[in-house]
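In case you want the letters, here they are:
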Amino acid sequence: MLVIPAIDLKDGQCVRLKQGRMDDATAYGDDPVAMAARWVKAGARRLHLVDLNGAFEGKPVNGEAVTAIARAYPDLPIQIGGGIRSAETIEHYLAAGVSYVIIGTKAVKEPDFVGEMCRAFPGHVIVGLDARDGYVATDGWAEVSTLKATELAKRFADDGVSSIVYTDIARDGMMQGVNVEATAALARDGGLPVIASGGVTNLLDIKALCEVADSGILGAITGRAIYEGSLDVTQAQQLSDQLTGGQA
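What this report covers is the structure whose coordinates are included nearby. What you are looking at is a predicted structure, and each value in this text was computed from that prediction instead of being measured. (Residues numbered from 1 in each chain as written. Predicted model: local features only at pLDDT ≥ 70, side-chain atom pairs only at ≥ 80, totals over all residues. Heavy atoms only, no water.)

1. So, the pattern of salt bridges
Where charged atoms of side chains with opposite charge meet at close range, the side chains can pair. Scanning the entire structure with this criterion turns up seven salt bridges. With a shortest N-O distance of 2.5 Å, Asp-241 and Arg-45 are connected by a salt bridge. With Asp-241 in helix α11 (residues 233–244) and Arg-45 in the loop between α1 (32–41) and β4 (47–51), this residue pair connects regions lying 196 residues apart in the sequence. Two residues, Glu-151 and Lys-154, come together in a salt bridge whose shortest N-O distance is 3.7 Å. You can see Glu-151 and its partner Lys-154 sitting in helix α7 (residues 149–157), three residues apart, about one turn around the helix. Accessibility expressed as a relative area gives 40% for Lys-154, which makes it partly exposed. (Salt bridge = Lys/Arg side-chain N within 4 Å of Asp/Glu carboxyl O. Helix = DSSP H or I, 4+ residues; strand = E, 2+ residues; numbered from the N terminus. Buried < 20%, exposed > 50% of the residue type's maximum accessible area, 1.4 Å probe, protein only.)

2. Some words on the environment of Asp-30
Note on placement: Asp-30 falls in the loop between β3 (21–29) and α1. Judged by its relative accessible area of 61%, Asp-30 is exposed. A C-alpha to C-alpha distance of 30 Å links Asp-30 and Leu-218, two positions 188 residues apart in sequence. The contact partners of Asp-30, leaving out residues within four places of it in the chain, are Gly-12 and Gln-13. (Contact = heavy atoms within 4.5 Å.)

3. Regarding the side chain of Thr-67
Positionally, Thr-67 belongs in helix α3 (residues 63–72). Once you skip the residues sitting within four places of it in the chain, Thr-67 turns out to touch His-92 and Ala-96.

4. Thoughts on the packing of aromatic side chains
Under the definition given, this model contains two aromatic pairs. Consider the rings of Tyr-28 and Tyr-227, whose centres lie 4.8 Å apart with planes at 25°: the pair is stacked. Of this pair, Tyr-28 sits in strand β3 while Tyr-227 sits in helix α10 (residues 224–228); the two residues are 199 residues apart in sequence, bridging distant segments of the chain. A relative accessible area of 10% places Tyr-227 in the buried class. With 5.3 Å between their ring centres and 90° between their planes, Trp-39 and Tyr-227 make a pair best called edge-to-face. Of this pair, Trp-39 sits in helix α1 while Tyr-227 sits in helix α10; the two residues are 188 residues apart in sequence, bridging distant segments of the chain. The burial state of Trp-39 is the same as that of Tyr-227; both residues are buried. Taken together, the ring pairs in this structure connect Tyr-28, Trp-39 and Tyr-227 into an aromatic cluster. When the ring centre of Phe-113 is taken as origin, the NZ or CZ atom of Lys-106, which lies over that ring, is 4.8 Å away. (Phe/Tyr/Trp six-rings, centres within 6.5 Å; stacked < 30°, edge-to-face > 60°. Lys NZ or Arg CZ within 6 Å of the ring centre and 35° of its normal.)

Given below as structure tokens:
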């Protein structure tokens, strides 16, 4: 199981939000490439980038920073989310060296788009499902739908989606622990590998996810915890390798 550091980009800075609120951001640096270098040095095998401005505007805003990181680490798998709502945007990011694009809001509102993009860019599409109480949220978490995350995941299982990034909004950025039960249930019932996100706070969370990793949990994204020091990336990946046999 991969431990995946998150780099959230807002106005060119590396930040973390609490529960997706743009007005509740903590800045951790103004050099995204240097931040990526920090996590690569710590042993990260994949990075999770989010264009926060893009998530709200519906188009890339921090694309230059994303491209700079991809070019600095051409052999490192990078996944990017936030404002990815067109084939042109996906093509641009993949050409820049990004490995995976995460389709979020558009996947919920126009699920047929996911299938089209999987056919156009096979193996490169991840769907991001952000949920509150099991129901999917969209538009930078501003809107909560009536769709259940598990039901939506099942719809994408046959499209060729690489994996699902599942975020429990109530836990995200709050340092309150990961929702292991909901994550494992989605992996088990949704038919796709799941990357956990939201609330990954310490080694106990990593251990808890590793214990259910065989249900289909591919990785765990962590943000605020690694910036504030409650989780060490190197230790977390080593523990995960020990508990899951180094499988990713």
